[in-house]
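The residues making up each chain are set out below.
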Amino acid sequence: MRQHDSLKGTELSQLFTITEGQGRPLVALHGWGMNQLVWQPIRKRLTQQAQVTWIDLPGHGRSAELQLTSLEAVVEELRPHIPANAIIMGWSLGGLIAQALAQRLPEQVAGLILVASTPRFVLAPDWPYALSTEVLQGFADNLEQDYAATVRRFFALQFMGVRSDPAALNALRDQILQYPASLEALNVGLDILRTADCRQNLVQLPCLWILGRLDKLIPISLAEGLQALHYNEVQVLPKSAHVPFVTHPDEFMLIVENFIYGL
């Protein structure tokens, strides 16, 4: 195991980041309602392959004091934290943000790893590989009724249909929810998921897409949609759902390592 060559944290009024490991720079962006602790199952192995910056997005985790206002604003807020020649790994909502960063900073970003994510989350006449807007609206309505229960149900939905260790998942959930996202950030995050469309300016950099066949949020038909957009590096994990790096970390990391070494 390589020694961590840096470890730093920022405090309440700034974006919370931790940078550790050695190798080429990689920035990890979590999904809706979560924080950087969700990456815990692959953290040790990934920091042996890259110098990883783990980020709590605005309004989430230990960046909860910051406002999440729009996709454009979060891209600008993240911009100083993207090293030159970085790989950006984005999961779910984080994958939308990663695509927007690559569109904004094409000379700074070396490639993207997009995990259980998509160029567009909601259905459109020309985009059938997505969720209905009613699903996201249901989350928004439930948030107003019972914030904590909605986040917990969302966490459970991400693992539905996958064989896993319930005690380990509950422990990870409780660890993540020690640092809950703000209600405002959750609502803005849903709005980003509802409105963002990264098909309008396709990323021309190397992109690895990792999907789970059992995912209840990202339909497996998305693989066809991505190929139609000329994204050719699409990996589908047959026994995984929305969080492959938690349920199938070894299989996930083999794919990621091959991509990193191939750049």
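What you see is a predicted model; the values in this text were computed from it and never measured.

Caption draft 1: Here's a closer look at the overall build of the chain. A count of helices and strands for the chain gives 10 helices and 7 strands. For 263 residues, the compact-globule estimate of 2.2 N^0.38 gives 18 Å, and the chain sits close to it at 17 Å. Seen through its principal axes, the chain has C-alpha atoms that stretch 45 × 40 × 35 Å. For the chain, with 263 residues in total, the buried portion stands at 55%. In the chain, once contacts between residues fewer than 6 apart in sequence are set aside, the share between residues at least 24 apart is 74%. For the chain, the accessible surface area stands at approximately 11200 Å², while carbon and sulfur atoms represent 50% of it. With 19 positive and 25 negative side-chain charges, the chain shows a separation of 6 Å between the mean positions of the two kinds.

Caption draft 2: Spotlight on the packing of aromatic side chains. For the structure shown, the criterion picks out 9 aromatic pairs. Centroid distance tryptophan 32 to phenylalanine 154: 4.9 Å. Interplanar angle 85 degrees. Geometry classified as edge-to-face. In this pair, tryptophan 32 sits in the loop between β2 (24–29) and α1 (40–46) while phenylalanine 154 sits in helix α5 (residues 147–157), placing the two residues 122 residues apart along the sequence. One aromatic cluster is present, built from ring pairs that chain together Trp39, Trp91, Phe245 and Phe252.

Caption draft 3: Representation of the environment of isoleucine 82 in the model. As for its position among the elements, isoleucine 82 is in the loop between α2 (71–78) and β4 (86–91). Residue class for isoleucine 82 comes out buried when judged on its relative accessible area of 4%. Each C-alpha atom of the pair isoleucine 82 and glutamate 251 lies 27 Å from the other, and the pair is 169 residues apart in sequence. Residues contacting isoleucine 82, with those up to four places away along its chain left out, are Val27, Ile88, Leu101, Leu105, Gln108 and Val109.

Caption draft 4: Region of the structure containing the confidence of the model for the chain. Summarising the model, the chain shows a mean pLDDT of 92, and 95% of its residues fall at 70 or more. Considering only residues more than four positions removed or in separate chains, one finds that residues 1–12, a stretch of pLDDT under 50, has 28 contacts.

Caption draft 5: Geometry of the pattern of salt bridges. On inspection of all chains with the given rule, the structure shows 11 salt bridges. A salt bridge links arginine 45 to aspartate 250; the nearest nitrogen and oxygen atoms lie 3.4 Å apart. With arginine 45 in helix α1 and aspartate 250 in helix α10 (residues 249–262), the pair connects residues that are 205 residues apart, well separated along the chain. Members of the salt-bridge network, linked through shared partners, are Arg120, Asp126, Asp197 and Arg199.

Caption draft 6: Spotlight on the packing of α2 against helix α3 (residues 93–104). It is the contact of α2 with α3, at a shortest axis distance of 10 Å, that shows an interaxial angle of 70 degrees. Here α2 lies roughly perpendicular to α3, going by the angle between them. Once α2 is placed against α3, the crossing between them reads as right-handed. Facing Leu71, Val74, Val75, Glu76 and Leu78 of α2, the residues of α3 in contact are Leu96, Ile97, Ala100, Leu101 and Arg104. Taken together, the residues of the contact of α2 with α3 break down into 8 nonpolar, no polar and 2 charged.

Caption draft 7: The pairing of strand β1 (residues 17–21), seen in detail. Among the 5 residues that make up β1, 5 are buried, leaving the element largely enclosed by the rest of the structure. Strand direction decides the pairing type here: β1 and strand β3 (residues 50–55), joined by 5 bridges, are antiparallel. The residue bridging isoleucine 18 from the neighbouring strand is tryptophan 54, located in β3.

Caption draft 8: Structural view of the pairing of β3. In terms of burial, β3 is largely enclosed, as 5 of its 6 residues are buried. Inspection of the sheet shows β2 paired to β3 by 6 bridges, in the parallel sense. Across the sheet, alanine 28 pairs through a bridge with tryptophan 54, a residue of β3. One crossover worth recording links β2 to the parallel β3 by way of α1, and it is right-handed.

Criteria and thresholds
- Residues numbered from 1 in each chain as written.
- Predicted model: local features only at pLDDT ≥ 70, side-chain atom pairs only at ≥ 80, totals over all residues.
- Heavy atoms only, no water.
- Helix = DSSP H or I, 4+ residues; strand = E, 2+ residues; numbered from the N terminus.
- Rg over C-alpha atoms; globule rule 2.2 N^0.38 Å.
- Buried < 20%, exposed > 50% of the residue type's maximum accessible area, 1.4 Å probe, protein only.
- Contact = heavy atoms within 4.5 Å.
- Areas by Shrake-Rupley, 256 points an atom, 1.4 Å probe, with all protein chains shown as cover.
- Lys, Arg positive; Asp, Glu negative; His and termini not counted.
- Charge placed at Lys NZ, Arg CZ, Asp CG, Glu CD.
- Phe/Tyr/Trp six-rings, centres within 6.5 Å; stacked < 30°, edge-to-face > 60°.
- pLDDT = per-residue confidence, 0-100.
- Salt bridge = Lys/Arg side-chain N within 4 Å of Asp/Glu carboxyl O.
- Axes fitted to C-alpha atoms, helices over the stretch in contact; angles between N-to-C directions.
- Parallel < 35°, antiparallel > 145°, perpendicular 65-115°, else oblique.
- Left-handed = near helix turned anticlockwise from the far one by under 90°.
- Nonpolar A, V, L, I, M, F, W, Y, C, P; charged D, E, K, R; others polar.
- Pairing = 2+ DSSP bridges.
- Right-handed = clockwise from strand over helix to strand, strands pointing away.

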